[in-house]
Amino acid sequence: MNNDIIQEENLVYRKPALMNDTPMHYCPGCSHGVVHKLVGEVIEEMGMADKAIGVCPVGCSVFAYRYLDIDWQEAAHGRAPAVATAIKRLWPDRLVFTYQGDGDLACIGTCETIHALNRAENVPIIFINNAIYGMTGGQMAPTTLVGQKTSTCPYGRDPKLHGWPLNIVELASHLKGTCYVTCQSVESVAAIRKAKKAIRTAFEASMKGLGSSLVEIVSTCNSGWKLSPVQANKWMAENMFANYPKGDLKRIPELEE
């Protein structure tokens, strides 16, 4: 038997064709790399490699263009939904999506995000929520949990001083322009499969013109949290999921057709 055929039969896993060979800069245990892989797999499986355009702004997410071999447009901090809106309206046949972190989306880009979602722009937003500013030194983010310590709230987040954590998907689920809003994670094989399915649903909704989608991925930042990758996953499960419950918050009936 041909050796190539034998190797193909024994193949357990293959790197997504759209993933470049560039070594990833992300910290060990970071969730970004897993989500990049899922995005690449979904685009490839949908046959949209030549029509996919990602928009990434400032933050750890900005380096997504290094790793996925599709067209990318970099945006100013927080402005990805506005930039993506323009691209999608000019080229409605393209799969246009944003890839954003919580400091970007939930803070400086709150305006652009909420209004793009409310306008029912056919732009799926992938939202990486690790409750901290990972790239710039571990400062408090709008999503930082009550009592969670960061470099700018070393005694823990105090609602009386810093306000309450901002739950973006909960807000998005009440907007008339959204067709699909979900919260997922990637800390286990089962969770990864659900996250991939959610990304696929959002991308398909966009191409069907059903409105805006928001896929939140509750993630780890073991460097910012000052935990090992294993400890970070444990802390996320014990603390993050209670504040950002996983599951679909909104799913219109047309998505089932």
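Structural data are supplied above this passage.
In this text, all values refer to a predicted model and were calculated from it rather than measured experimentally.

Q: Where do I start with the environment of Glu41 in this structure?
A: For Glu41, the location among the structural elements is in helix 2 (residues 32-46). For Glu41, a relative accessible area of 12% translates into the label buried. In the structure, Glu41 is positioned 23 residues away from Leu18 in sequence and 7.6 Å away in space, judged by C-alpha atoms. Leave out the neighbours within four places in its chain, and Glu41 touches Tyr13, Pro16 and Lys196.

Q: So what exactly am I meant to see when it comes to the packing of aromatic side chains here?
A: The description of an aromatic ring pair rests on the distance of the ring centres and on the angle between the ring planes. Taken as a whole and assessed by the stated rule, the structure comprises five aromatic pairs. When the ring of Trp72 is compared with that of Phe97, the centres are 5.7 Å apart and the planes differ by 75°; the resulting orientation is edge-to-face. You can see Trp72 sitting in strand 2 (residues 71-74) and its partner Phe97 sitting in strand 3 (residues 95-101), a full 25 residues away along the chain. Per residue, the accessibility class of Trp72 equals that of Phe97, and both read buried. Judged by centre distance (5.2 Å) and plane angle (35°), the rings of Phe97 and Phe203 are tilted.

Q: Explain the nonpolar core to me, please; I cannot follow it from the model alone.
A: Counting residues in each nonpolar core, the largest one holds 37 residues, and the members touching the most others are Val35, Val39, Ile43, Ile126, Ile199 and Phe203. Mapped onto this core, the elements with two or more residues apiece are helix 2, strand 1 (52-56), strand 3, strand 4 (124-129), strand 5 (178-185), helix 8 (189-208) and strand 6 (212-218).

Q: I tried to follow the packing of helix 2 against helix 8 on my own but got confused; where do I start?
A: Angle between the axes and distance between the axes: these two values describe a pair of packed helices. Put simply, helix 2 and helix 8 touch, their axes get as near as 10 Å, and they point 50° apart. In terms of their interaxial angle, helix 2 and helix 8 are classed as oblique. Between helix 2 and helix 8 lies a crossing of right-handed hand. Touching Val34, Val35, Leu38, Val39, Glu41, Val42, Ile43, Glu45 and Met46 of helix 2 are Ile192, Ala195, Lys196, Ile199, Arg200, Phe203, Glu204 and Met207, all from helix 8. Residues that form the contact of helix 2 with helix 8 fall into these classes: 12 nonpolar, no polar and five charged.

About the cut-offs
- Residues numbered from 1 in each chain as written.
- Predicted model: local features only at pLDDT ≥ 70, side-chain atom pairs only at ≥ 80, totals over all residues.
- Heavy atoms only, no water.
- Helix = DSSP H or I, 4+ residues; strand = E, 2+ residues; numbered from the N terminus.
- Buried < 20%, exposed > 50% of the residue type's maximum accessible area, 1.4 Å probe, protein only.
- Contact = heavy atoms within 4.5 Å.
- Phe/Tyr/Trp six-rings, centres within 6.5 Å; stacked < 30°, edge-to-face > 60°.
- Core = buried A, V, L, I, M, F, W, Y, C linked by side-chain atoms within 4.5 Å.
- Axes fitted to C-alpha atoms, helices over the stretch in contact; angles between N-to-C directions.
- Parallel < 35°, antiparallel > 145°, perpendicular 65-115°, else oblique.
- Left-handed = near helix turned anticlockwise from the far one by under 90°.
- Nonpolar A, V, L, I, M, F, W, Y, C, P; charged D, E, K, R; others polar.

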